[in-house]
Amino acid sequence: LNPIGKTLSRIRTKSIEDEVEKHPMVRRAECYKTPDGTVYISIVQRTPVLRVVGEDDYYVDDLRKTMPVSPNHAAYVPVFTGRVTKKMATGSIYDFAQYLNKDEFWGNQIDQININQDMKVELVPRVGNHIIMLGSFDRFEQKLEKLRKFYLYGLNEIGWNAYSKIDLQYRDQVVCTRKSN
């Protein structure tokens, strides 16, 4: 496959493309020759959207397909831990990660997402020393909007470390647990 030192007629661009596309981080490769004797390879990488860490360790790309974690590079994407199945990772978790990636505030605020033993969603924020109980991914946009308002009008007044848990599982309510001293 190495084209160095070979005549143009002996270089098989399709074989080079096929070999490069076997790499798990490559979405597509295009190899071609020019009349001046140059061989070009154009590579399109896969784009990770989220990472699952736990028993299995993998990324999910922007086509909802799993891909391995690179030993040399890390992507800055939402991290999901706990009882995550591949079906969840490419379904409801993917939708939630896309929301976080598109929303500047939540993308910067949510550090980790954990699926606990009861299959409930817990969010670990970057700012504040509390856990956010989302419950399930249903209506997550409304739940996070409720939390955004609570952050603006509640925590800004009393402090970001006043509560150990903020629960968004209940419709039209934010239930907080005060920290014990």
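Look up: the structure comes first, before these words.
Presented here is a report on the structure given in the accompanying data block. Model, not experiment: these values are computed from the prediction.

Considerations on helix 1 (residues 13-20)
By the burial criterion, the buried members of helix 1 are T13, I16 and E17. Looking straight down helix 1, one finds that the buried residues subtend no more than 100° of arc, so they occupy a single side. In this fold, the buried residues of helix 1 make contact with strand 1 (26-33) and strand 2 (39-45).

What to know about the environment of K86
Relative to the helices and strands, K86 is located in helix 2 (residues 86-89). Expressed as a C-alpha distance, the spacing of K86 and K14, which sit 72 residues apart in the sequence, is 33 Å. Look past the residues within four positions of K86 in its chain and what remains in contact with it is D56, Y58 and T66.

Examining the packing of aromatic side chains
Within this structure, the stated rule accounts for eight aromatic pairs. With a centroid separation of 5.2 Å and an interplanar angle of 75°, the aromatic rings of Y99 and F140 are classed as edge-to-face. Here F140 lies in helix 5 (residues 140-158) and Y99 lies in helix 3 (residues 92-102), a separation of 41 residues in the sequence. Residue F140 is classed as buried on the basis of its relative accessible area of 8%. Between W106 and Y151, the aromatic rings sit 6.0 Å apart at their centres with planes inclined by 40°, giving tilted as the arrangement.

Quick look at the nonpolar core
Counting residues in each nonpolar core, the largest one holds 33 residues, and the members touching the most others are F80, F96, I113, L123, F137 and L147. With six residues, helix 5 is the single largest residue contributor to this core. Those residues in contact with I113, other than ones at most four positions away along the chain, are P78, V79, F80, T81, F96, L100, V121, E122, L123 and F137.

A look at the pattern of salt bridges
A pair can form between side chains of opposite charge whenever their charged atoms are brought close. In total, this model carries twelve salt bridges according to the counting rule given. One salt bridge in this structure joins D18 and K14, with 2.9 Å as the shortest N-O distance. Taken together, the residues span about one helical turn, with D18 and K14 both in helix 1 at a distance of four residues. Between E145 and R148 there is a salt bridge, with the nearest N and O atoms lying 3.3 Å from each other.

Let's talk about unusual backbone geometry
Here the phi dihedral of R139 falls at roughly 60°; this positive angle occurs in a residue that is not glycine. Of note, the phi angle at D172 is positive, near 60°, even though the residue is not glycine.

Some words on the environment of Y94
Structurally, the position occupied by Y94 is in helix 3. The spatial distance from the C-alpha of Y94 to the C-alpha of D56 is 16 Å, given a sequence separation of 38 residues. Y94 has contacts with V49, L50, V60, D61, D62, R64, M88 and A89, leaving out every residue within four places of it along the chain.

Details of the sheet that holds strand 4 (residues 58-61)
Hydrogen bonds between backbone groups are what pair the strands of a sheet, and the pairing can be parallel or antiparallel. In space, the nine strands of this open sheet follow the order 5-4-3-6-7-8-9-10-11, with mixed pairing throughout. Two strands close off the open sheet at either side, each with one partner strand: strand 5 (66-68) and strand 11 (175-178). On average, each strand axis in the sheet is tilted by 25° relative to the strand beside it, whichever way the strands run. In terms of strand pairing, strand 6 (residues 79-82) meets strand 7 (residues 110-115) through four bridges, oriented parallel. Within strand 7, the residue paired with V79 across the bridge is Q112. On top of the sheet, helix 3 reaches strand 3 (48-52), strand 4, strand 6, strand 7, strand 8 (121-125) and strand 9 (131-135); it is set at about 120° to strand 3, its chief contact. Against the sheet, helix 5 engages strand 8, strand 9, strand 10 (163-167) and strand 11, with an angle of about 145° to strand 10.

How each quantity is defined
Residues numbered from 1 in each chain as written. Predicted model: local features only at pLDDT ≥ 70, side-chain atom pairs only at ≥ 80, totals over all residues. Heavy atoms only, no water. Buried < 20%, exposed > 50% of the residue type's maximum accessible area, 1.4 Å probe, protein only. Helix = DSSP H or I, 4+ residues; strand = E, 2+ residues; numbered from the N terminus. Arc of directions from axis to C-beta. Contact = heavy atoms within 4.5 Å. Phe/Tyr/Trp six-rings, centres within 6.5 Å; stacked < 30°, edge-to-face > 60°. Core = buried A, V, L, I, M, F, W, Y, C linked by side-chain atoms within 4.5 Å. Salt bridge = Lys/Arg side-chain N within 4 Å of Asp/Glu carboxyl O. Pairing = 2+ DSSP bridges. Axes fitted to C-alpha atoms, helices over the stretch in contact; angles between N-to-C directions.

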